[in-house]
Amino acid sequence: MKNISVIGSGTMGNGIAHVFAQNGYSVSLIDLKQDFLDKALATISKNLDRQVSKELISESDKEAALSKIVTYTDLAEGVKNADLVIEAATENMGIKLDLFRQLDSLTPPTAILASNTSSISITKIAAVTNRAEQVIGMHFMNPVPVMKLVEVIRGYATSDAVTNQIMELSKKLSKEPVEVNDYPGFVANRILMPMINEAIYTLYEGVAGINEIDTVMKLGMAHPMGPLQLADFIGLDVCLSILKVLHEGFGNPKYAPCPLLANMVEAGFKGVKSGEGFYKYTKGSKDLVLSPRFSK
C-alpha cells in the first residue's frame, strides 16, 4: 500500500492524514470545501510543530510529511489511485452509505475501503458495495497522532487477507491494532459510552455535581480525565449518536441516552466543538471552567 485517501478533514481525518504522511505514505485528503482542507493542513502543521518542539521529529521530517499530503474537493480525483480509502466523515449512517456506494464505483477494484466509524455497522456499510470482503473498520482514537490504539473491525464478510493486511499496516504506523467483530459500539464505545451516560444520569439525578463526578473517576479510578470532561471532548452529539446506535442495536434499555444529554445536544451545547457543554471553553485558555448552567 502506497496511496492512502482520507475522506473528511476534521479532527479525525486530519489526524489520520498526519499519521500516514509522517510514516511516508502518499495521502490524498478530501473534503467538500477548500476552506476545510486549508484549516486541516494548518492543524497538521501545528501538530507537527509540537512534535518538533518536543524533539520527537526534525524540521525536515515535518516538511517531508507535509509534502506527502495533497488536497482534493473532487471525490473521484481524490480516490482514483487509492490502495486504501479511510472514510472519516460525519457519524451519520446515510452519509456513510452514500459515500461507500460512490467509492465502490470510483476506486480501483483492488482498493480496500475502510471506515473510521465509532459505532456504525461495518456489515451494513459493506452491503452497499460489491466488494464486502474488502470493507473493514479502522477506528482510530483521538488525538490520532498520540493515541496508540486502532480498533480493526471485521464486517461479517471481511476477508482474513484484508484483516491481516490492515492489522500489519496499523503496526507500520506504530499503532497497536486490536481485532474485534462487528457488533454495536464494537469494544471501545460499548464499554465507554454506558460509563459516560451513567455519569450524566448521576448529574441529572442530583447525586453529585460535575466536579465531584469527574474527580471521583480521576482520583479513584486513575482516569486521565473525568467522564463529563471526556464527553465534552468527544462531542456530546457524537456521544448521543453512539448511544442511539447501541440502544437500537441491542434493544436494551440500559443504553437509553440520558434526557439531559439529549436536551443539551438539541439546544446546541455539544462540548468543546461548540464552546460549551458541561464545561465552558474559551479559545486560548486551558482552564477548566464549569458551564454557567451547572455552576449554581
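Since the structure is predicted, the reported quantities are computational estimates derived from the model, not experimental observations.

## Examining the overall build of the protein chain
In terms of helices and strands, the protein chain carries twelve helices and ten strands. Expected size for 296 residues packed as a compact globule is a radius of gyration near 19 Å; at 19 Å, the protein chain falls within 12% of this value. If one aligns the C-alpha atoms of the protein chain with their principal axes, the spans along those axes are about 55 × 45 × 35 Å. Classification of the 296 residues of the protein chain by burial places 46% in the buried group. Sequence separation of at least 24 residues holds for 64% of the intrachain contacts in the protein chain that already meet a minimum separation of 6. Carbon and sulfur atoms form 53% of the exposed surface of the protein chain, whose accessible area is close to 14500 Å². Here the protein chain contributes 29 positive and 32 negative side-chain charges, whose respective centroids are spaced 2 Å apart.

## Focus: the sheet that holds strand S3 (residues 69-72)
Spatial strand order, S3-S2-S1-S4-S5-S6-S7-S8: eight strands in an open sheet with mixed pairing. The strands lining the two open edges of the sheet, one partner per strand, are S3 and strand S8 (176-181). Direction aside, neighbouring strands of the sheet carry axes that sit 25° apart on average. Relative to S3, strand S2 (residues 26-30) is paired through four bridges, and the arrangement is parallel. Residue pairing across strands places Leu29 opposite Thr71, the latter belonging to S3. Helix H2 (residues 34-53) rests against S2 and S3 of the sheet, and its axis sits at about 160° to S3.

## A short note on the side chain of His139
Along the polypeptide, His139 turns up in strand S6 (residues 135-140). At 2.8 Å, the side chain of His139 forms a polar contact with the side chain of Glu151. Aside from chain neighbours lying at most four places away, what touches His139 is Ser115, Asn116, Thr117, Ser118, Leu149, Val150, Glu151, Ile153 and Asn189.

## So, the pairing of S2
Side-chain direction in a regular strand flips from residue to residue, so the side chains alternate between the two faces of the sheet. Counting buried positions along S2 yields four of five residues, so the element is predominantly enclosed. Pairing between strand S1 (residues 3-7) and S2: five bridges, direction parallel. Note on S2: the bridge partner recorded for Ile4 is Val27. Regarding topology, helix H1 (residues 11-22) serves as the crossover connection from S1 to the parallel S2, and that connection is right-handed.

## Notes on the pairing of strand S7 (residues 149-154)
For S7, the buried fraction is high: five of the six residues fall into the buried class. Pairing of S6 with S7 involves five bridges; the strand directions are antiparallel. Of the residues in S7, the one forming a bridge with Ile136 is Arg154. Relative to S8, S7 is paired through six bridges, and the arrangement is parallel. Residue pairing across strands places Leu149 opposite Glu176, the latter belonging to S8. For the crossover that starts at S7, traverses helix H7 (residues 160-172) and ends in the parallel S8, the hand is right-handed.

## Some thoughts on a positive patch on the surface
There is a patch of like positive charges on the surface, built from Lys39, Lys46, Arg50, Lys54, Lys283 and Lys286. Locating Lys39 in the fold gives a position in helix H2.

## Remarks on the packing of helix H10 (residues 227-234) against helix H11 (residues 236-250)
Two elements in contact, H10 and H11, have axes whose closest approach is 5 Å; the angle formed by their N-to-C orientations is 95°. Relative to H11, H10 is oriented roughly perpendicular. Together, Ala231, Asp232 and Ile234 of H10 and Leu236, Val238 and Cys239 of H11 make up the contact between the two elements. Its residues assigned to classes, the contact of H10 with H11 shows five nonpolar, no polar and one charged.

## So, the UniProt feature "domain: 3-hydroxyacyl-CoA dehydrogenase NAD binding" (unreviewed entry) in the protein chain
Per the UniProt record, "domain: 3-hydroxyacyl-CoA dehydrogenase NAD binding" (unreviewed entry) is annotated on residues 4-182. Between the C-alpha atoms that bound residues 4-182 the distance is 24 Å, and the span itself is 44% helix and 22% strand.

Rules of the game
- Residues numbered from 1 in each chain as written.
- Predicted model: local features only at pLDDT ≥ 70, side-chain atom pairs only at ≥ 80, totals over all residues.
- Heavy atoms only, no water.
- Helix = DSSP H or I, 4+ residues; strand = E, 2+ residues; numbered from the N terminus.
- Rg over C-alpha atoms; globule rule 2.2 N^0.38 Å.
- Buried < 20%, exposed > 50% of the residue type's maximum accessible area, 1.4 Å probe, protein only.
- Contact = heavy atoms within 4.5 Å.
- Areas by Shrake-Rupley, 256 points an atom, 1.4 Å probe, with all protein chains shown as cover.
- Lys, Arg positive; Asp, Glu negative; His and termini not counted.
- Charge placed at Lys NZ, Arg CZ, Asp CG, Glu CD.
- Pairing = 2+ DSSP bridges.
- Axes fitted to C-alpha atoms, helices over the stretch in contact; angles between N-to-C directions.
- Polar contact = N/O pair within 3.5 Å; in protein donor to acceptor, adjacent residues only side chain to side chain.
- Right-handed = clockwise from strand over helix to strand, strands pointing away.
- Patch = residues over 30% accessible without salt bridge, like charges linked within 9 Å, V, L, I, M, F, W, Y side chains within 5 Å.
- Salt bridge = Lys/Arg side-chain N within 4 Å of Asp/Glu carboxyl O.
- Parallel < 35°, antiparallel > 145°, perpendicular 65-115°, else oblique.
- Nonpolar A, V, L, I, M, F, W, Y, C, P; charged D, E, K, R; others polar.
- UniProt positions renumbered as here; feature names shortened; annotations may be inferred.

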